[in-house]
Amino acid sequence: SRKWARAMAILREFEENCGTPIGKLRQVADAMTVEMHAGLASEGGSKLKMLISYVDNLPSGFTTDFPYFSYTRDQGNFPGIDFSYVVLVSYHVDKDEKGLFYALDLGGTNFRVIRVLLGGKHGGVVKQEFEEVSIPPHLMTGSSDALFDYIAAALARFVATEGEGLHPSPGRQRELGFTFSFPVRQTSIASGNLMKWTKGFSIEDAVGQDVVGELTKAMERIGLDMCVSALVSYLVGSLIGMIYNLVNDIVGTLAGGRFYNPDVIAAVILGTGTNAAYVERAHAIPKWHGLLPKSWEMVINMEWGNFRSSHLPLTEYDQDLDAESLNPGEQIFEKIISGMYLGEEIVCRVLLKMAEEAGFFWTPNMSAMHHDTSSDLRVVGSKLKDILEIPSTSLKMRKAIVELCDIVATRGARLSAAGIVGILKKLERDTVKDGEKQKSVVALDGGLYEHYSKFSTCMESALKELLGEEVSDNIVIEHSNDGSGIGAALLAASHSQYL
Ligand code: ADP
Ligand code: MG
């Protein structure tokens, strides 16, 4: 029909505007490299924050089976350094990391509380338990107190389920690694101020606050609240004194990836949101005026979700989505490649437009459907069938929807690949020098990467296409399992007060 043809024209136009031919991807990769330089040159020099989280002595080819992360506890030794915090990652085997550790992973719409029992030097992770809790939408845009009260209460309830043999040793406080997946400027290992919210969160009174401080205050509040069960309120007393370590999920993912594979040079998270971190040479960071030896390497948290470039293929739907979002003008890269936006936002908007063009929402259709008194809603059925061809019997509509998903996912996946190539270019790992066989491993994590295989396959083939056969042989994409969860617990263990 004519209406169907109009709906299909919408799809074709969208497809065209989403195009990611190889030439465009190269421009995006180049723009990423340029922005990385700019963000490293000066504070605020780029949309990319390029947050420095100093990492020294990253293990390379180490032999222990346990990572040891240690942070400097304050910045007093390095006056004038504006980097957020210092992570010293080394393969320390003197300590006998064992005991019970907690982690709290606040990601997009869920958070997880994790309990890990470590068996000491060669025991690794003996036991691990976790619970996933979804965050009610109203708390994502409410007040800081409301959000952190909810998190604190869930943590207290989880701690209350400590089973046989899963208690902290006598005289020890519980220790927790807090993974906070939003841009934070860290001031120490146990504190950091929220720079801005992303991924659908917008809680104004939390911006600029120390997130660990907000959590500990919430612990105190629920400790005073008589509503919590007797067991929980008994426990909360000990939780108030809990020892916290703050870690950004992307830094955890990179450190965790490096632990398992010394060739890891970068990490990318594709989940509800997206971010990347990589290992930079210290001398290549002009904005860092530190006193530390310049031969050291540093982990840079790129906050790449905020990348934008005139080369990104943006459509009217992306512009509408952005304008109606909680953070217009920000996180543009995130808004075209990450899980929070692909389906609910982009596919949904295009489909809606197609339905509009097909006349599906014409008021006479609406009233006809509304007035349908037949027991099996025959009129509604026939409208759906005639206009939108929605019933599962319509192969045509099903195909169009699949195609729409393909267009949106393909664009996101290919642009993600271009972003990774941008990092490789920055590190001069995008070419093969003198037949060198040095592997460059990129650690990937996040629900989108993990569960959407068409997305990850497409991303990996775009990488091959961009890099060419010979270079691709040296680039490895590796799934880094749960750097933000287990990684945080390991972090808590490795600089435990008691070890
Ligand atoms: P977060 O980014 O919040 O830490 P995850 O890394 O676990 O969380 O990613 C969760 C996100 O991954 C979901 O919001 C969703 O967008 C995406 N996702 C999860 N499962 C799938 C799937 N089967 N297909 C596509 N995307 C998925
Ligand atoms: Mg996460």
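Computed from a prediction, not measured in an experiment: that's the story for all the values here.

Enquirer: A description of the overall build of the chain should follow, citing residues and the corresponding values.
Expert: For the chain, the count of helices and strands is 16 helices and 15 strands. Looking at the 499 residues of the chain, the share that counts as buried comes to 44%.

Enquirer: With reference to specific residues and values, describe the site of ligand 1.
Expert: Of all residues adjacent to ligand 1, which total 13 residues, the nearest are Gly107, Gly108, Gly271, Gly339 and Gly447. Considering every element that reaches the shell around ligand 1, the biggest residue donor is helix α14 (residues 447-451), with three residues. Broken down by class, the residue content of the shell around ligand 1 amounts to three nonpolar, ten polar and no charged.

Enquirer: Which residues make up the nonpolar core, and what values go with them?
Expert: What tends to happen in soluble globular proteins is that the nonpolar side chains get buried as a cluster. Grouped together as the largest cluster of nonpolar side chains are 115 residues, with contacts concentrated most on Ala152, Ala276, Ala277 and Ala417. At 13 residues, helix α13 (residues 395-426) tops the list of elements feeding residues into this core. Once residues within four sequence positions are removed from consideration, Ala276 is found in contact with Ile250, Ala266, Ala267, Val268, Met302, Trp304, Gly419 and Ile423.

Enquirer: Report on the packing of helix α2 (residues 22-41) against helix α15 (residues 453-472), specifying residues and quantitative values.
Expert: Direction vectors running N to C along α2 and α15 enclose 85 degrees, while the axes themselves pass 11 Å from each other. In terms of orientation, α2 and α15 fall into the roughly perpendicular class. Judged by residue contacts, Ile22, Leu25, Arg26 and Ala29 of α2 engage Ala462, Glu465 and Leu466 from α15. Of the residues that constitute the contact of α2 with α15, the class distribution is five nonpolar, no polar and two charged.

Enquirer: Lay out the pairing of strand β12 (residues 274-281) in plain terms, naming residues and giving numbers.
Expert: Judged by how many residues are buried, β12 sits mostly within the fold: six of eight residues are covered. Judged from the five bridges that link them, strand β11 (residues 264-270) and β12 form a sheet pairing that is antiparallel. For Leu270, the partnering residue across the bridge sits in β12 and is Thr274. Linking two consecutive strands that pair antiparallel, namely β11 and β12, is a turn of three residues.

Enquirer: Give a detailed account of the environment of Ala29, specifying residues and quantitative values.
Expert: Along the chain, the position of Ala29 falls in helix α2. Its 25 C-beta neighbours within 10 Å are what place Ala29 among the buried residues. Setting aside chain neighbours within four positions, we find Ala29 in contact with Ala418, Val421, Gly422, Lys425 and Leu466.

Enquirer: I'd like a description of the confidence of the model for the chain, backed by residues and values.
Expert: Atom-level detail of predicted coordinates should not be read off regions where pLDDT is low. On average, residues of the chain score 79 in pLDDT, and 74% of them are at 70 or above. Note that residues 55-95 has pLDDT below 50 and, in this model, 92 contacts with residues that lie over four places away or in other chains. Every residue in residues 226-230 is under pLDDT 50, and counting partners more than four places away or in other chains gives five contacts. This complex was scored by the predictor with a pTM of 0.81 and an ipTM of 0.96.

Enquirer: Describe the environment of Phe101, and please don't skip the residues or the numbers.
Expert: Turning to its location among the elements, Phe101 is positioned in strand β4 (residues 98-106). For the pair Phe101 and Arg174, spaced 73 residues apart in sequence, the C-alpha to C-alpha distance is 6.8 Å.

Enquirer: Got a sec to walk through unusual backbone geometry? Specific residues and values, please.
Expert: The phi dihedral of Glu303 falls on the positive side, at around 50 degrees, and the residue is not glycine. As for its position among the elements, Glu303 is in the loop between β13 (297-301) and α8 (316-324).

Enquirer: Just give me the short version of the packing of α8 against helix α10 (residues 339-357), but keep the residues and values in it.
Expert: Between α8 and α10, whose axes approach to 10 Å, the crossing angle comes to 120 degrees. Considering their axes alone, α8 and α10 lie oblique with respect to each other. Here α8 runs over α10; the crossing is right-handed. Of the residues in α10, those touching α8 at Tyr317, Asp320 and Leu321 are Tyr341, Glu345, Ile346, Arg349 and Val350.

Enquirer: Any details on the environment of Arg281? Residues and values, ideally.
Expert: Here Arg281 shows up in strand β12. A tally of 12 C-beta atoms within 10 Å means that Arg281 is categorised as exposed. For the pair formed by Arg281 and Ile300, sequence separation is 19 residues and the distance between their alpha carbons is 9.8 Å.

Enquirer: Can you lay out α15 for me, pointing to particular residues and giving the numbers?
Expert: Spanning 20 residues, α15 covers only 20 Å between terminal C-alpha atoms, well under the ideal 28 Å at 1.5 Å per step. Roughly 80 degrees is the biggest bend found in α15, and it falls at Leu466. Burial in α15 covers these residues: Phe455, Cys458, Met459, Ala462, Leu463, Leu466 and Leu467.

Thresholds, definitions, all that
Residues numbered from 1 in each chain as written. Chains lettered and ligands numbered in written order. Predicted model: local features only at pLDDT ≥ 70, side-chain atom pairs only at ≥ 80, totals over all residues. Helix = DSSP H or I, 4+ residues; strand = E, 2+ residues; numbered from the N terminus. Buried ≥ 20, exposed ≤ 12 C-beta atoms within 10 Å, placed from the backbone. Near = placed C-beta within 6 Å. Nonpolar A, V, L, I, M, F, W, Y, C, P; charged D, E, K, R; others polar. Core = buried A, V, L, I, M, F, W, Y, C linked by C-beta atoms within 7 Å. Contact = placed C-beta atoms within 7 Å. Axes fitted to C-alpha atoms, helices over the stretch in contact; angles between N-to-C directions. Parallel < 35°, antiparallel > 145°, perpendicular 65-115°, else oblique. Pairing = 2+ DSSP bridges. pLDDT = per-residue confidence, 0-100. Left-handed = near helix turned anticlockwise from the far one by under 90°. Expected span 1.5 Å × (residues − 1). Bend = angle between axes of the 7 residues up to and from the residue.

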